[in-house]
Amino acid sequence: MNAVDFILAGMLAAATPMLLAALGEMVVERSGVLNLGLEGMMALGAALGFITTYTYQSHALGFLAAGLGGAALSLVFALIVLGFVANQVAAGLAIGILGTGLSALFGKSFESLTISGLPKMALPLLSDLPVVAALFVQDVVVWLTIALALSIWAVMNHSKLGLIIRAVGENPHAARAIGFRVLPIRCAAIAFGGALAGIAGAYASTVYTPLWADGMIAGRGWIALALVVFGTWQTGRVVFGAFLFGALSLGELTTQAAGVNIPSQLLACVPYIVTILMLAVISSNRRRMRLNTIASLGQPFEK
Amino acid sequence: MTALLSLQSVSKRYGAVQANAGINLVVDPGSIHAILGENGAGKSTLMKLIYGVESPDAGVILWKGQPVNLSSPAEARALGIGMVFQHFSLFETLTVVQNIALIVPGRKTDLARRIRTLGDEFGLNVDPEAMVHALSVGERQRVEIIRCLLLNPELLILDEPTSVLPPQSVARLFETLRALQARGVAILFISHKLEEIKELCDTATILRGGQVTGRVDPRGHSAKDLATLMIGRAMPPPLPATVQAVGEVRLELSGLDFVNDDPFGVSLSDISLRVHSGEIVGIAGISGNGQQELAALISGEVVQPGDMIRMLGHAVGAVGVAQRRKMGFAFVPEERLGRGAVPEMSLADNALLTAHGAGLVQNGFIRRTPERAYTAACIARYDVRTPGPEAEAGALSGGNLQKFIMGREMMLEPKLLLVSQPTWGVDIGAATDIRQRLVAMRNAGAAILVISEELEELFQICDRLHVLHKGHLSPCLPTHATTVEEVGTYMIGAGKSPEVAA
């Protein structure tokens, strides 16, 4: 397998945990709430997903447990920031640390155990194309994630539900004045984001690298958070950012495997550096940032 | 005839403030009914109760004779009540049709067509596909009205609808409202502008301090009578106009250009004006036409190198706020809380923020005794109603805080003073007081530039006027030689601007 095939075959799967978490966070932030606990919710989802899949030999049950776990943890966050109107940054960080701690606790007796991943599905016709064929042989979750991204794009831009979420994020006071219930809408968005973060974690622990090791999320939650901003809260840009990061992280592996004489620690930094650079370039367009930035992001709302 | 809407002994309290106390109100079908009162009289609260945004603590609301218990605006809309908010409830990053689709059911293409039809019928033309942030304030108001009309209301509530409109648009709005009345829609028209109410309304309910103080036919009363009912005493007398010779130029803008990279902001182009010692120059125009940008450039919050701004004889393009203040410049911004004062800090500490040069700081340490004395003097001299220098700025009413901020700046005896919206949200008594003090400063030789939306105010106190429209400044109009109509033409950009003439 040459390097191009290797990157094409793996980049979508490598991107999927970040993409799932980022899509959820994008919806949460669009509603005006900043949940920095993504890393912890992913870690909890990873642990619960692995444990359930290992115990019941069912990936579907694993994803279900992970989604419920992520949503439950995010509802604790919702209670703190919506119910008690606490600072969202502090509450998000605390929830993130809590989730990481819980994942270590639950996963302790499963350390280093392995399970089997999911089989790859080849898309007919597309997987017969020259050069890019490898791109179209992926597991079912990758395809579902792409379908989900399309659905979220359609809902956010072309449905009344999406309009309501965006309205609540832009101006919660006006939204309330015309009769939308800001807190329930934000709570639902937070739970959705939490569920996707949990599922994202489970994908990392049960499909992408089907084993349990403490700390295996390894910063993917933070990258997902950056992707949301880097993508200026637009679905297409978030998807592009996630795939770019996936491709870069595999590119780094192939460079190492090719024996290029660069310290591996430096190579491992490359995807992060490129992501930060892209983020800086995109954010430097003040006009675009101003038009897309969520006006009430992170601000508590009291009626 | 059954009343369309009637309120019986309705009360609402927010914490320590009794916003509405035992309000009785009857609105007949097809009438244009004014709710008249000063800022803080409880008008907006009352409308929120009728529209279901808030629930009353006590009392009954009857709709067509039936008691109703509104717990959300959606229920009010279902009954046939529509509301146009003072600070619009529109979303800037959505298009007109998206804003409307939020509460009006229907397919987007149908809605867009109905928006155009209604626009033609009632003179409410607006492009359904336009983004709201790109619309003028008048257009945004039309969007709000259309959004209500699409739900076929029987009662339309308008909260201070004319406060954001130039005179010509007010006439157009009134035509629209009369056309609606002819269709049998009742209108609740909230305002503190007496002449408008006399012109438009057939009934007026007057509020003061959260209570109803009268119900009259405004067409049969003079503005003076209505004002007395509204403020509880006779109107303060107008300021005497005095003519005086002006001194040297203290502020000169020559061909000031400013390119704004904020898509929601305004760029300024070729602004030229002079303010002399001993005169008040006014900048008229609807907010959002470059007022904030102009104020930021003059105050030094935005620094733009060059000699397009000359202040007290120096080019100050590259000079920041602190140095400009040191030269004898003072500035009262339009946002009292957050820019004019820090709400969480005491009045004494707020005084220190701009008056630190008046002997309140020694070797970097605050001298508490002079700080308190300075603040106490400001409170006494400018009639600020507050327990004392230790009171939190955020706890003061709008009018009192404005008097305090004006006092703080005036005590510095600036050579050049910039005041933005001096009487926004300030009651009539305090507003008169503030205007009189500005005139007194002018008489004492200060150069004053006032940015205001209130034409009446500008005509009262200014020697000369300019009008700001979409970042362009009109030629200078001496107040004694111009009319509200002429200023109004410039406010909607129809005047002969030098750019067009050239």
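Residues numbered from 1 in each chain as written. Chains lettered and ligands numbered in written order. Predicted model: local features only at pLDDT ≥ 70, side-chain atom pairs only at ≥ 80, totals over all residues. Heavy atoms only, no water.

> Any chance you could explain the interface of chain B and chain A here in plain terms?
Often, the extent of an interface is quoted as the loss of accessible area upon association of its parts. With 23 residues of chain B at the interface, the matching set in chain A holds 19 residues. Taking both sides of the interface into account, the surface hidden between chain B and chain A amounts to around 2000 Å²; carbon and sulfur atoms contribute 58%. A per-residue breakdown of the area chain B buries against chain A is headed by Phe91(B), Leu102(B) and Pro263(B), which together make up 29% of the total. At the boundary of chain B and chain A, one finds zero salt bridges. At the surface where chain B touches chain A, the tally comes to five residue pairs in polar contact (both at pLDDT 80 or more). Per-class residue counts for the side of chain B that touches chain A are 12 nonpolar, four polar and seven charged. (Contact = heavy atoms within 4.5 Å. Buried area = accessible area lost by both parts, 1.4 Å probe. Salt bridge = Lys/Arg side-chain N within 4 Å of Asp/Glu carboxyl O. Polar contact = N/O pair within 3.5 Å; in protein donor to acceptor, adjacent residues only side chain to side chain. Nonpolar A, V, L, I, M, F, W, Y, C, P; charged D, E, K, R; others polar.)

> What am I meant to see in the side chain of Ser6(B) here?
All names here are of chain B. With respect to the helices and strands, Ser6 occurs in strand β1 (residues 5-14). Of the residues examined, Ser6 reaches a relative accessible area of 11% and is grouped as buried. Residue contacts for Ser6: discarding those within four places in its chain leaves Leu25, Val26, Val60, Ile61 and Leu62. (Helix = DSSP H or I, 4+ residues; strand = E, 2+ residues; numbered from the N terminus. Buried < 20%, exposed > 50% of the residue type's maximum accessible area, 1.4 Å probe, protein only.)

> So what exactly am I meant to see when it comes to helix α1 (residues 43-50) of chain B here?
The α-helix advances 3.6 residues per turn, and as a result positions three or four apart in sequence lie on the same side. Residues and elements named next belong to chain B. Across the eight residues of α1, six count as buried, placing the element largely inside the fold. All of the buried residues in α1 are Lys43, Thr45, Leu46, Met47, Leu49 and Ile50. One or two steps after α1, the chain reaches Gly52, where phi turns positive at roughly 80°.

> Any chance you could explain the nonpolar core here in plain terms?
All names here are of chain B. Core analysis: the biggest nonpolar cluster contains 171 residues, and Ile50 and Leu155 have the highest contact counts within it. Excluding its chain neighbours within four sequence positions, the residues that come into contact with Leu155 are Leu4, Leu5, Val27, Ile50, Trp63, Gly80, Ile81, Gly82, Val185, Ala186, Ile187 and Leu188. Counting residues in hydrophobic clusters, the runner-up holds 47 residues, among them Ala393, Leu396, Ala431 and Leu465. (Core = buried A, V, L, I, M, F, W, Y, C linked by side-chain atoms within 4.5 Å.)

> How should I be thinking about the sheet that holds strand β14 (residues 309-311) of chain B in this particular structure?
All names here are of chain B. On the basis of which strands lie adjacent, the open sheet formed by four strands has the order β12-β11-β14-β15 and antiparallel pairing. Whereas interior strands pair on both sides, the edge strands pair on one side only; in this sheet they are β12 (268-276) and β15 (314-315). Note that β14 and β15 share two bridges and pair antiparallel. The partner of Met311 across the bridge, within β15, is His314. In this fold helix α9 (residues 291-299) packs onto β11 (249-258), β12 and β14, with an angle of close to 125° to the strand it touches most, β11. (Pairing = 2+ DSSP bridges. Axes fitted to C-alpha atoms, helices over the stretch in contact; angles between N-to-C directions.)

> Teacher, can you tell me more about the pattern of salt bridges here?
If charged atoms from side chains of opposite charge come close, those side chains can pair. Residue and element names in this part refer to chain B. With the rule as written, the count across this model stands at 25 salt bridges over all chains. The partner of Asp110 in a salt bridge is Arg113, with the nearest N and O atoms 3.8 Å apart. Of this pair, Asp110 and Arg113 both sit in helix α4 (residues 108-122), three residues apart, roughly one helical turn. Classification of Arg113 as partly exposed rests on a relative accessible area of 48%. Residue Arg464 is joined to Glu279 by a salt bridge in which the shortest nitrogen-to-oxygen separation is 2.7 Å. Of this pair, Arg464 sits in strand β21 (residues 464-469) while Glu279 sits in strand β13 (residues 279-284), placing them 185 residues apart in sequence. Within this structure, Lys12, Glu54 and Asp57 form a network of salt bridges that share partners.

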